[in-house]
Structures are given as structure tokens and as C-alpha cells.
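Listed here are the chains, written in short residue letters.
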Amino acid sequence: MSKIITNNITWVGKVDWELTMFHGNELSTKRGSSYNAYLVRGLKKTVLLDTVWGPYDKEFVSRLKEEVPLDQIDAIIMQHNETDHSGALAELMREIPDTPIYCTAKGEAILRGHYHKDWNFVNVKTGDVLELGGDERLTFIEAPMLHWPDTMFTYYNGGGGVLFSNDGFGQHYASENLFNDEVPKCEMMYEALKYYANILSTYSPMVSRKVKEILAMNLPLAMICPSHGVIWRKEPAQIVEKYLQWSDSYQEDQVTIVYDTMWNSTRLMAEAIARGIKAQAPATTVKIFNAAKEDKNDILTEVFRSKAVLVGSPTINYGYSYAVAGILEMLKGMRLKKKKAAAFGSYGWSGEGAKLISAALTEAGFEVADEGCRTLWVPDEKALKEAEEYGKAFALKL
Ligand code: FEO
């Protein structure tokens, strides 16, 4: 079912209520998602922006036909060609094979690499326009690495100014409502943050540059239409401001403790360290996660918003646990900056787990504050007191 956004912009995407994982098993999507595609009808030209994920290709084309005769679509704009947006393109192009596809040069390469078709590609760059008739036009803005090399945004000068931003400013958030002012702000903003932390944080320097570049254009902006989640209609500048903050070594007054445990020794240490941090810094939020039990992407989101992270594991087979290894690998990919860190863990004999975690944290770009905290076998009252004192000392370094 299509939905009307303005008198000449229609949402023609797909809400995916049952999506629980994205990018294979890399990203949890506990509130589903949507693949937003938009139809813009100008005085002279009708343009489709993006399509939807492949499993919904026939449904997408069928519903699009109800909205507009396909032969009246003058152009298709593919802002980014990951399969969640380009997956229905082949089905659509079977019906209108000569329709021009506007995309970046990298976008064309990606579409060719995915679908192996010689479609009617029109390469565009920043500043190129597609005239819609009257004085209305779509202007393309390349946005490489937000989050793929092919990504671009599209600015529409009608409707008070509308920025189609593809993955940028998106949220994996399914809703039958179209707009940000129609959904609970708290849960939607969490999904926007989780989306940024897990998908865009790696590319924060490019995000920062691009957002500043767009702000410097001083374009009127009534709405931001991303390709996932709800449209920013109420105060669209709020998410732009958030992106400026998130892309600039973001941190709140929070410490996140991530651990794994075999027989509870490292868990007891985690909780003792947390008590110490809280005693030393009562205003600081302290959160504790078992890496083997909690959702990895929610953990990464909490680390993203923290000023420091403590990672703990018992020493296992001269190393550390599988779950902690996974978190450390993902943290390395996020390329976070200006965050302090330290390692801890219990051990029985060789005991190098904490040292190896410290090395991995350093490699991931964290500022490792000290040599960490270790306990031989099961911590007794004295060892727990030492862990608590360690937490206090760590808090003083933040
Ligand atoms: Fe929503 Fe990068 O695809």
C-alpha cells in the first residue's frame, strides 16, 4: 500500500515487520525495518527513488503498478545499490527495460556486479540535476562511504525542501506510521543511534564532512526521507544535529563493562569493578553486559555512547572467550575514537587473557588506561575488594 507524503511525493516502499537480522547475522533488527522507496511526480517527469529488498520484488512492482502506470515512470534514481534497496530493480526493469537509471559511477558498477544487466545507466555527480518541470528539480549529492562507495543523496526543491538520504539518518524501525512525530520518540531514537553505531560509525569522518557540506549549502529543509524507518518531518534538523555529534568522537558519561564468564569468577569481578566505578563517580552511568548472552549490536551501541569500556574474560586455552573475541573484532571495525579502555578477567594458570584483551583494545583504537585487573581462581572477599578498588582507580582516569 502506498502512502501520501506530500501532494506529489508518495511512499511506495515495504514495511518488513518480521525482519530480525540484517546483513546476514551481523545486525539485529528487533523492531523490524522498512525499505523506503519514493515516487516524485513533477509537472513533466515522474521519478522513482530506490526499490526494496529482493524477497518483496513482485509485491513491490505489483503495488507500484497500482500507484502509477509503469510506462509513466520517466527515470529511476538508485541512490545506493545494496540489495535491500536494489533487490526489486531487476523485476521492475523486466517491465520497463529502457527506463534510465540515475546513479553514481560506482553505483553502476555495483548494479552491474549484482545483476549483470546492460541497463540504461546515467551516471551523475554532485550538483547534477534532473529537471521535473516548472522550476522543480532533483539535485544529486554524492555521499561516498555513507556507507558504501556508491551512496548519494538527492535533494528535491519542492515541498519546502526534501532530502532523500538513503541509509543516512535511517533507523531499522517498522511502523505503519510514516513520520517521526507519529511514533514513540524514545524507541525510534534508540534505533537511529543503534543504526549509526553499527552501520555508520566506521565512516564517521566522512559523515562529519558530508553533513557539514550539506549544512553549508543552506538548503531549505522541510523533511528528510531516509530509506529505512520513519521520515523526519518534525524538526528534521534534530537528526542532522545528532549526526554531527555522533560522528565527532561521541561519548556520554557512561562506562560499559562487557564480559564473558565460565564459572562466575569474571562476572563477580565485573560487578565489583562496577561498584568501584559507581562509588568513585556516582553520576556516571555504568552498564554491564554478558557478551555471550546479550545482543551483540545492543552491546556495541552502548559502547558507542560510552566514554570508556572494560572488557573481561577468563583465560581460556591461552586466550579469551569466543564471545569476547567477537565483540573485540566488531569494535575494531567501528573505529571508535577517544575512548578509554581496560581489561580484566580470572585465570587458573597461564593467565594471559587480560593482557591479550588489552592488546586487542589497543589495536581497535582504544586508549588502554592500565594493565587491567586479574584474579587467580575464584575471587574471595579480598580479591573482590581489590577489583572494587581497581574500579575506583579506573574511574579516576576518565
Ligand atoms: Fe540499507 Fe546499505 O543498505
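Basis of the calculations
Residues numbered from 1 in each chain as written. Predicted model: local features only at pLDDT ≥ 70, side-chain atom pairs only at ≥ 80, totals over all residues. Heavy atoms only, no water. Helix = DSSP H or I, 4+ residues; strand = E, 2+ residues; numbered from the N terminus. Contact = heavy atoms within 4.5 Å. Areas by Shrake-Rupley, 256 points an atom, 1.4 Å probe, with all protein chains shown as cover. Lys, Arg positive; Asp, Glu negative; His and termini not counted. Charge placed at Lys NZ, Arg CZ, Asp CG, Glu CD. Patch = residues over 30% accessible without salt bridge, like charges linked within 9 Å, V, L, I, M, F, W, Y side chains within 5 Å. Salt bridge = Lys/Arg side-chain N within 4 Å of Asp/Glu carboxyl O. Buried < 20%, exposed > 50% of the residue type's maximum accessible area, 1.4 Å probe, protein only. Expected span 1.5 Å × (residues − 1). Domains from an automatic or database assignment. Buried area = accessible area lost by both parts, 1.4 Å probe. Pairing = 2+ DSSP bridges.

Q: Looking at this model, I keep getting lost on the overall build of the protein chain. Mind explaining?
A: Scanning the protein chain from terminus to terminus reveals 12 helices and 22 strands. A principal-axis box enclosing the C-alpha atoms of the protein chain has dimensions of 80 × 40 × 35 Å. Of all intrachain contacts in the protein chain linking residues separated by at least 6 positions in sequence, the fraction that spans at least 24 positions is 72%. For the protein chain, the exposed area adds up to about 16800 Å²; of that, 52% sits on carbon and sulfur atoms. Of the side chains in the protein chain, 44 bear a positive and 52 a negative charge, and the two mean positions are spaced by 4 Å.

Q: Where do I start with a nonpolar patch on the surface in this structure?
A: Judged by side-chain polarity, Tyr 318, Trp 349, Leu 376, Trp 377 and Val 378 come together as a nonpolar surface patch covering roughly 670 Å² of accessible area. Its location among the elements puts Trp 349 in the loop between strand 20 (340-347) and helix 11 (353-363). Given a relative accessible area of 65%, Trp 349 falls into the exposed group.

Q: Help me understand helix 6 (residues 204-216), please; the structure alone is not making it clear to me.
A: Residue pairs spaced three or four apart in an α-helix point in one direction, given the helix's 3.6 residues per turn. Along its 13 residues, helix 6 runs 18 Å from first to last C-alpha, staying within 8% of the 18 Å computed at 1.5 Å per residue. Buried residues of helix 6: Ser 204, Val 207, Ser 208, Lys 210, Val 211 and Ile 214, and no others. Buried residues in helix 6 make contact with strand 13 (136-142), strand 14 (152-156), helix 5 (185-200) and helix 7 (237-246). The positive-phi residue at the C-terminal boundary of helix 6 is Asn 218, with phi of around 55°.

Q: Even after reading the chapter, I still don't get the domain arrangement of the protein chain, so can you show me in this structure?
A: Interface extent is often summarised as the accessible area lost during association of the parts. According to the domain assignment, the protein chain contains domain 1 (3-246) and domain 2 (255-396). On a C-alpha basis, the centres of domain 1 and domain 2 stand 39 Å from each other. The interface of domain 1 with domain 2 comprises 15 residues on the first partner and 14 residues on the second. The contact between domain 1 and domain 2 buries some 1200 Å² in all, and 49% of this surface belongs to carbon and sulfur atoms.

Q: Teacher, can you tell me more about the pairing of strand 16 (residues 223-226) here?
A: Because side chains alternate across strand 16, one face comprises the buried residues Met 223 and Cys 225, and the other comprises Ile 224 and Pro 226, equally buried. Inspection of the sheet shows strand 15 (residues 162-166) paired to strand 16 by 4 bridges, in the parallel sense. Across the sheet, the residue bridging to Leu 163 is Ile 224, located in strand 16.

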